[in-house]
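Coordinate inspection notes
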Amino acid sequence: MKALVLTQYNQFDLQDVPTPTIRPNEVLVRVQAVGICGSDVHGMDGSSGRRIPPIVMGHEASGIIAEVGSDVKNWATGDRVTFDSTVYVLDDWYSRRGQYNLSDGREVVGVSTPDFKRHGAFAEFVAIPQHILYAIPDNVSFTQAALVEPVAVALHAVSLTPIQVNDSAVVVGSGMIGLFVIQALKLSGCGTIIAIDLDDDRLALAQELGATHTINAESGEIAKQVQELTGGRGADVSFEVVGAGPAVKTAIDCVRKGATVTLVGNLAPTVEMPLQAIVTRQLRLQGSCAINGEYEAALALISSGRINVEAILSAEAPLNEGADWFKRLYEKEKGLIKVVLKP
């Protein structure tokens, strides 16, 4: 089969590689669409330590079952499917507690670390365990289904955060995940949703998708602007979806006393924290890791039109152009948010 392989950092090659051999509990999925995730873009240069070459990346995907393993039940060839990005063990202590995203020994499709390597979906075929499969509704396209994973990431972050009807929220970062968080916050009943970013075009899209106010991070006195929009107190909750020190500080600065700050971005390994501000304002900081059962909700919301995934789609392209699109995303070409490849 053809696969787009990260052969060394910042180097992709379209290669002929063996088609995956499935295990008894797996299915072979013929990939129809696969999204380029921001974590893939950041991983291609080695900075994240989670894309050690050689590796076939790609964890946001959809396709058609081409083969089923001997132990697979309730799935058949021809089924239209998408899948979770987390591969977990069913009898793990965390999985039994309903926290499979935290399970020991968890792996991620299309990721390679010193602990594991699992090839992903920038290829014609990918092997997937049956327990992370989800059926695609008839009215959802393969391209839409390839965007279910980031929608589910956003839903998980919002589900972890204590939100009451008419609460105010700040979202720092209007990239793909931030735009899905904004839509989820609107569905959750937030009355004031403030998007913060450096890109005016992205801020305009954030407003189209549910943000009630936008602030360009270069405008200065961001916290003061947020306070003016929230009764002088600051927001009830905030979400950081960049993964960098300045953005984390902004998310902390913009909330009221007693608020919750949810950290979704995962770019910088470490950041500085304003400890005294966190302690004396009694803030709750929490991380949000991947997905924990939000796939069905994400599919239903896309199917019903309550979550708009097409709005963030920048381009669809064949897999053999993948290296070029990775370069354009890495160089932060203006106007690009999400690219979906078609093997």
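Residues numbered from 1 in each chain as written. Predicted model: local features only at pLDDT ≥ 70, side-chain atom pairs only at ≥ 80, totals over all residues. Heavy atoms only, no water.

Quick reminder of the rule: UniProt positions are given in the numbering used here, feature names are shortened, and annotations may be inferred rather than shown by experiment.
Named according to an unreviewed UniProt entry, the protein chain is Galactitol-1-phosphate 5-dehydrogenase originating from Spirosoma pollinicola. Here is the UniProt Cofactor (unreviewed entry) comment for the protein chain, exactly as written: "Zn(2+)". The UniProt entry for the protein chain carries the following text under Sequence similarities (unreviewed entry): "Belongs to the zinc-containing alcohol dehydrogenase family."

Description of the pairing of strand S16 (residues 255-263)
Rule in force here: In this description, strands pair whenever DSSP reports at least two bridges between them. Numbering goes from the N terminus for both helices and strands, where a helix is a DSSP run of H or I of at least four residues and a strand is a run of E of at least two. Crossover handedness is defined by viewing with both strands directed away from the observer: a clockwise path from the first strand over the helix to the second marks the crossover as right-handed.
Where strand S15 (residues 235-240) lies against S16, five bridges are found, and the strand directions are parallel. Bridge pairing links Ala 235 to Val 255 in S16. Across four bridges, S16 lies against strand S17 (residues 284-287) in parallel orientation. Of the residues in S17, the one forming a bridge with Thr 262 is Gln 286. Handedness of the crossover is the feature at issue here: the chain leaves S16, passes through helix H9 (residues 275-280), returns alongside S17, and the resulting connection is right-handed.

Section: the layout of surface pockets
Where we set the bar: A 1.4 Å probe that fits into a set of points on a 1 Å grid over the protein atoms alone but cannot get out defines a cavity; an open set with protein on both sides within 12 Å along at least five of seven lines defines a pocket, and lining residues are those with an atom within 4 Å of a point. Grid points are joined across faces, edges and corners, and a volume is the space filled by probe spheres set on the points.
Empty space within the second largest pocket amounts to approximately 350 Å³. What lines the second largest pocket is a set of 18 residues, and nearest its centre among them are Pro 20, Arg 118, His 119, Gly 120 and Ala 127. Elements represented by at least two residues in the lining of the second largest pocket include exactly strand S9 (117-118) and strand S10 (125-129). The biggest single contributor to the lining of the second largest pocket is S10, with three residues.

Some details on the state of the cysteines
Rules: Note that a disulfide, as used here, is simply two cysteine sulfur atoms within 2.5 Å.
As enumerated under the stated definition, the model contains zero disulfides in all. The thiol of Cys 190 is unpaired, and the distance to the nearest cysteine sulfur, on Cys 254, comes to 15 Å. Sulfur of Cys 289: no disulfide; nearest cysteine sulfur belongs to Cys 37 and is 13 Å away.

A few points about the packing of aromatic side chains
Where we set the bar: Paired rings are identified among Phe, Tyr and Trp, the last through its six-membered ring, by centres lying within 6.5 Å, and are further divided according to the angle between planes into stacked (under 30 degrees), edge-to-face (over 60) and tilted (the rest). Note on geometry: a ring has a charge over it if NZ (lysine) or CZ (arginine) is within 6 Å of the ring centre and within 35 degrees of the ring normal.
Tallied over the full model, the rule gives five aromatic pairs. An aromatic cluster of at least three residues, connected via ring pairs, comprises Phe 12, Phe 122 and Phe 326. A cation over an aromatic ring shows up here: Arg 80 above the ring of Phe 142, its NZ or CZ 4.6 Å from the ring centre. Directly above the aromatic system of Trp 325 lies the positively charged group of Arg 328, at a separation of 4.0 Å from the ring centroid.

Some points on the environment of Lys 186
Under the convention used in this document: Each residue gets one of three labels from its accessible area relative to the maximum for its type: buried under 20%, exposed over 50%, partly exposed in between, using a 1.4 Å probe on protein chains only. Contacts between residues were defined by any pair of non-hydrogen atoms, one from each residue, lying within 4.5 Å.
Mapped onto the elements of the fold, Lys 186 is located in helix H5 (residues 176-187). Under the relative-accessibility criterion, Lys 186 is labelled exposed at 51%. In the structure, Lys 186 is positioned 109 residues away from Thr 77 in sequence and 38 Å away in space, judged by C-alpha atoms. Each residue touching Lys 186, except ones within four places of it in the same chain, is listed here: Ile 193, Leu 209 and Gly 210.

Brief notes about the domain arrangement of the protein chain
Accessible area lost during the coming together of the parts is what is often quoted as the interface size. Rules: Each domain's extent was defined by an automatic or database domain assignment. Two parts placed together each lose some accessible area under a 1.4 Å probe, and the buried area is that loss summed for both. Here a salt bridge means any side-chain nitrogen of Lys or Arg lying within 4 Å of a carboxyl oxygen belonging to Asp or Glu. Identification of polar contacts relies on pairs of N or O atoms within 3.5 Å, with a donor-acceptor requirement for protein atoms, meaning one able to donate a hydrogen and the other able to accept it, and with residues adjacent in sequence counted only if both atoms are side-chain atoms. We call Asp, Glu, Lys and Arg charged. Ala, Val, Leu, Ile, Met, Phe, Trp, Tyr, Cys and Pro are nonpolar, and the rest, Gly among them, are polar.
When its domains are assigned, the protein chain resolves into domain 1 (2-135 + 313-341) and domain 2 (153-287). Summarising the inter-unit geometry, the C-alpha centres of domain 1 and domain 2 are found 29 Å apart. Taken together, the seven residues of domain 1 in the interface contact nine residues of domain 2. Buried area between domain 1 and domain 2, both sides added, is near 650 Å², and the carbon and sulfur share of it is 61%. Counting the surface domain 1 buries against domain 2, the share from its top three residues, His 42, Lys 334 and Ile 337, is 59%. Seen at the junction of domain 1 and domain 2, the total is two salt bridges. A salt bridge links Lys 334 to Asp 199; the nearest nitrogen and oxygen atoms lie 3.8 Å apart. Run the count over domain 1 and domain 2 and you get two residue pairs in polar contact (both at pLDDT 80 or more). When the residues that make up the side of domain 1 that touches domain 2 are grouped by side-chain class, the tally is two nonpolar, two polar and three charged.

Notes on the UniProt feature "domain: Enoyl reductase (ER)" (unreviewed entry) in the protein chain
The sites that carry the UniProt feature "domain: Enoyl reductase (ER)" (unreviewed entry) are, in the present numbering, residues 7-307. Its end C-alpha atoms 36 Å apart, residues 7-307 is made of 27% helix and 27% strand.

Overview of the pairing of strand S12 (residues 168-172)
Counting buried positions along S12 yields five of five residues, so the element is predominantly enclosed. Here five bridges tie S12 to strand S13 (residues 192-197), and the two strands are oriented parallel to one another. Directly across from Val 170, in S13, lies its bridge partner Ile 194. This β-α-β element, S12 to H5 to S13, shows right-handed connectivity. Two elements, S12 and S15, share four bridges in a ladder whose sense is parallel. Paired with Val 172 across the bridge in S15 is Glu 240.

Here's the deal with the sheet that holds S16
Defined as follows: Angles shown run from 0 to 180 degrees and are taken between the N-to-C directions of axes, each axis being a line fitted to C-alpha atoms and, for helices, limited to the stretch in contact.
Here six strands make up an open sheet; going across it, the order is S14-S13-S12-S15-S16-S17 and the pairing parallel. Where the open sheet ends on each side, the last strands, each with one partner, are strand S14 (213-216) and S17. Strand-to-strand twist in this sheet, taken as the mean axis angle between neighbours without regard to direction, amounts to 20 degrees. Lying on the sheet, H5 is in contact with S12, S13 and S15; it crosses S12 at an angle near 170 degrees. The sheet contacts of helix H8 (residues 245-253) involve S12, S13, S15, S16 and S17, and relative to S16 the element is tilted by about 145 degrees.

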